[in-house]
Every structure is written in structure tokens, then in C-alpha cells.
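Residue-level listing of the chains:
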Amino acid sequence: RMYKRQVICRRDINVFNVPFLAIYESLIPPEEEKLKQNQLVALLEKLVNKEWPAAKLYLYGSCANSFGVSKSDIDVCVAIEEADMDKAKIIMKLADILQSDNLQNVQALTRARVPIVKLMDPVTGISCDICINNLLAVVNTKLLRDYALIDPRLRQLAFIIKHWAKSRRVNETYHGTLSSYAYVLMCIHYLQMRRPAILPCLQDMDTTYCVTVDDVNCAFFDKVEKLGDFGRHNKETIAQLVRGFFHYWAYCHDYANAVISVRTGSIISKREKDWTRRIGLDRHLICIEDPFETSHDLGRVVDKYSIKVLREEFERAADIMQNDPNPCNKLFEPY
Ligand code: GTP
Ligand code: MG
């Protein structure tokens, strides 16, 4: 009798693979969007190089890490070697240069944690954030993209989780919830922890890619095409993974003691990171270690109010995945 129930449960959840995959497909940006992005980057590069001929432009964030949904803003990093000028000054000058061209809503945000210039290109309709020398973000973008190439279930899961987080308004760091970057790391970590594992730990393998950025050594295995079909021994489907992900964050994660770590492919303890106390604004109520800036907790934005909101949303989602006859609609119901 037990056996029969299990079989029924398993078939039940798999009924939702088709609608979940349809949602995933509908979020993938069409090719023409990539073309427009490249067109804008070429224009920006031309303008930047007039002032700084040696400067290079890099795309980072979701337009380059393969976790970008259709119609996202793009993130651009300008690499400039100008030791004698501070970032705020470069940002002001950059804004000036771009202002004079055909670009709209050019704004210099010099006091943000990462100073940026924001703008909109009326030709392509794309909005973009430009930062200076934020090369760690360019490297973590590559790490995420390399993980996505290993097993298609990562991209599927992350699109669905990001879509859920946006619909439920728990993807707003200025309101104390998590960044898209944090959610993608949570997905990678979840797939690293499956048994059999669906993803390996690239930073725990032979180094084939190595750069030092801002005194941080970034080393990992990036010949992912050599990994073959790494996750093939694990047959879990997208619907099972979505259910399992929410179940983990609703009922299994040890919020008091655990830090999730993509760098090690495991859970580590808050004690070993000295993340047990509140220091300044860092409260460590949900701990997600940055894979390269290991002193950096991506959960630092979460406060005592937003942790409740987050955990209630995880529970809501877990319960929908467990019991709702139509989880694909209910999960994404606007908050
Ligand atoms: P969406 O724009 O929501 O689709 O996702 P995104 O991945 O572009 O996220 P976001 O615009 O918030 O961040 C852009 C990129 O900046 C991320 O992909 C990371 O590469 C990087 N980034 C964001 N937050 C942090 C952070 O706290 N630390 C570090 N090191 N990098 C970050
Ligand atoms: Mg972005």
C-alpha cells in the first residue's frame, strides 16, 4: 500500500514537468534581443574609447551568465586603468560623455555600494547599468555561465525560481530580500547537494582557469565540455527539483548554524566563518557565501523583518508544490 502511494505521488508531480518547461521556454530571451544588446555595447564602447582608448567593456550579470530572462536590463563593466582618479570621478565623467550622445535618462549614482551610470538607449529600448572595474562580477558571471553548461536542469530551475521571486516580490535587495545572483547560487548549491549530484564543485577540481582580481584568487575548472553528461545518474525532473528546492528552504535548512557554499559544494558552519553575531549591518540571518569574496554573505541584506517574509514565501511555495492541484499558476500569483 505504501508502495502504491509513492508511485502515485511521483507520477503526480511529474504531470507538472510540461507546464514548468513551458514557463521556462517562455522566459528565454529571443535571439534578436542578443543582437540588440551587442549593438548597444558596440555603441558604448565607441563612446568610451574616445575618452579612454585602452578601456575594455565587459558584459556581466544576467545578460552574460545565461540566467537572464527576456527584456532584462543589461550590466556593463568598463575596465579602465586610471590609478589617479577615484571611481566617483570616473563615473561623473562617463555620465558626461554618454549624456552628450543620443542616450536617455543618463544618471550617475556615485554613492551606491557599487557606483554606476544608468541609461536607456532609445534605439534598442534597452536600459543599462555601467560600473567601473568591477571585475569580480565579470569572473562570477563566467562561473555561473560555466555551471549552466553542465546540466540543463540548472537553467530551468533558476529561471523558475527567479520568476517566482520576482512575482512574489522577494527579489528586492533594497527591501531586504535576495538578489538574483543569490538565488542562482542557491540553485547551484541545491544541485551540487543532490545524491547522485547533478552539478560538481568546479572550485574543488583541477584549476584550468585562474585570475587574480582585487587580491582575490579566482580559480576553477572551466573545461566543462569535458565533464560529459555529469548529472546523468540523477533522474530527478524539473518539477521534483522545484518542489525539493522549496522544501529545503522551507523545512530543512538550518538557519541558525548553516552557510551554503558553492565554493566547497557543501554546507559550512557560521561558527567557522565567524558569522554568528551581527556586525554593523550584517546580520547573517540567511547565509550564502560568495564563491570568490568569501567574507561576503549575500544574505547580508536580509533583516529581522524580511527573513520572516522570505521564510513564509518558501513555506507557501513548498506547500503549493506539495498539495496544490495547479501549482504552476498558484506559485507565481502576483503578491
Ligand atoms: P537580473 O538582472 O535580476 O536578471 O539578474 P542579475 O544576475 O543581472 O542580477 P543583478 O543585476 O542584481 O546583479 C548583476 C551581477 O552583479 C550579478 O550577476 C553578479 O555577477 C554581480 N553581483 C550582484 N550582487 C553581487 C554581490 O553582492 N557581490 C558580488 N561579488 N557580485 C554581485
Ligand atoms: Mg542585471
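Residues numbered from 1 in each chain as written. Chains lettered and ligands numbered in written order. Predicted model: local features only at pLDDT ≥ 70, side-chain atom pairs only at ≥ 80, totals over all residues. Heavy atoms only, no water.

1. Some thoughts on the sheet that holds strand E1 (residues 56–60)
Then, in step 1: Judged by pairing direction, the sheet is mixed, and its five strands sit side by side in the order E1-E2-E5-E4-E3 without closing on themselves. Looking at strand neighbours, the two that pair on one side only are E1 and strand E3 (104–109), the edges of this open sheet. Taken pair by pair, the neighbouring strands of this sheet meet at an average axis angle of 25°, ignoring direction.
Then, in step 2: Relative to strand E5 (residues 126–132), strand E2 (residues 74–79) runs parallel, the two sharing five bridges. Paired with Ile-74 across the two strands is Cys-128, which belongs to E5.
Then, in step 3: Across the sheet, helix H5 (residues 135–150) is in contact with E1 and E2; its angle to E1 comes to roughly 50°. (Pairing = 2+ DSSP bridges. Helix = DSSP H or I, 4+ residues; strand = E, 2+ residues; numbered from the N terminus. Axes fitted to C-alpha atoms, helices over the stretch in contact; angles between N-to-C directions. Contact = heavy atoms within 4.5 Å.)

2. Considerations on the environment of Gly-61
Then, in step 1: Considering the arrangement of structural elements, one finds Gly-61 in the loop between E1 and E2.
Then, in step 2: Taking the relative accessible area as the measure of exposure, Gly-61 reaches 14% and is therefore buried.
Then, in step 3: Separated by 30 residues in sequence, Gly-61 and Glu-31 have C-alpha atoms that sit 18 Å apart.
Then, in step 4: With residues up to four places along the chain from it excluded, the contact list for Gly-61 reads Asp-75 and Thr-141. (Buried < 20%, exposed > 50% of the residue type's maximum accessible area, 1.4 Å probe, protein only.)

3. Some remarks on the domain arrangement of the chain
Then, in step 1: Here the chain is partitioned into domain 1 (31–135) and domain 2 (151–330).
Then, in step 2: Between the C-alpha centres of domain 1 and domain 2 the distance comes to 28 Å.
Then, in step 3: Counting from both sides, the interface comprises seven residues of domain 1 and, opposite them, nine residues of domain 2.
Then, in step 4: Each partner contributes to the roughly 720 Å² buried at the junction of domain 1 and domain 2, and carbon and sulfur atoms together form 65% of this total. (Domains from an automatic or database assignment. Buried area = accessible area lost by both parts, 1.4 Å probe.)

4. Points about the confidence of the model for the chain
In low-pLDDT segments, the atomic positions of the prediction should not be examined closely.
Then, in step 1: Taken over all residues, the pLDDT of the chain has a mean of 94, while the share at 70 or more is 96%.
Then, in step 2: For this predicted complex, the interface confidence comes out at an ipTM of 0.95, alongside a pTM of 0.95. (pLDDT = per-residue confidence, 0-100.)

5. A closer look at the pattern of salt bridges
Then, in step 1: Tallied over the entire structure, the rule returns 14 salt bridges.
Then, in step 2: For the salt bridge of Arg-169 with Glu-172, the shortest nitrogen-to-oxygen distance reads 3.3 Å.
Then, in step 3: With relative accessibility at 45%, the residue Arg-169 sits in the partly exposed group.
Then, in step 4: A salt bridge links Glu-289 to Arg-263, with the shortest nitrogen-to-oxygen separation between them at 2.8 Å. One end of the pair, Glu-289, is in strand E10 (residues 287–289); the other, Arg-263, is in the loop between strand E8 (258–261) and strand E9 (266–269), with 26 residues separating them in the sequence.
Then, in step 5: For Arg-263, a relative accessible area of 30% translates into the label partly exposed.
Then, in step 6: Taken together, the shared-partner salt bridges in this structure form one network comprising Lys-142, Asp-146, Asp-222 and Lys-223. (Salt bridge = Lys/Arg side-chain N within 4 Å of Asp/Glu carboxyl O.)

6. Thoughts on the site of ligand 1
Then, in step 1: Around ligand 1, a shell composed of 18 residues is seen, among which Ser-62, Asn-140, Lys-162, Ser-180 and Glu-293 lie nearest.
Then, in step 2: Within the backbone of Ala-137, one N or O atom sits 3.5 Å away from an oxygen atom of ligand 1.
Then, in step 3: Here an oxygen atom of ligand 1 sits 2.9 Å away from a polar atom, N or O, in the side chain of Lys-166.
Then, in step 4: If ligand 1 stood free it would expose 610 Å²; the protein chains cover 80% of that surface.
Then, in step 5: Taken together, the elements giving at least two residues each to the shell around ligand 1 come down to H5, helix H6 (152–167) and helix H7 (180–192). (Near = heavy atom within 4 Å. Polar contact = N/O pair within 3.5 Å; in protein donor to acceptor, adjacent residues only side chain to side chain. Areas by Shrake-Rupley, 256 points an atom, 1.4 Å probe, with all protein chains shown as cover.)

7. So, the packing of aromatic side chains
Then, in step 1: Evaluation of the coordinates by the stated rule reveals twelve aromatic pairs.
Then, in step 2: Measuring from ring centre to ring centre gives 6.1 Å for Trp-164 and Tyr-183, while their planes differ by 90°; the resulting arrangement is edge-to-face. One end of the pair, Trp-164, is in helix H6; the other, Tyr-183, is in helix H7, with 19 residues separating them in the sequence.
Then, in step 3: Note on Trp-164: relative accessible area 0%, which makes it buried.
Then, in step 4: Since its relative accessible area comes to 1%, Tyr-183 is described here as buried.
Then, in step 5: Members of the aromatic cluster, connected to one another through ring pairs, are Trp-164, Tyr-183, Tyr-190, Phe-245, Phe-246, Tyr-248, Trp-249, Tyr-255 and Phe-314.
Then, in step 6: We note Lys-273 situated over the ring of Trp-275; from NZ or CZ to the ring centre the distance is 4.8 Å.
Then, in step 7: Taking the ring centre of Tyr-255 as reference, the NZ or CZ of Arg-311 above it sits at 3.8 Å. (Phe/Tyr/Trp six-rings, centres within 6.5 Å; stacked < 30°, edge-to-face > 60°. Lys NZ or Arg CZ within 6 Å of the ring centre and 35° of its normal.)

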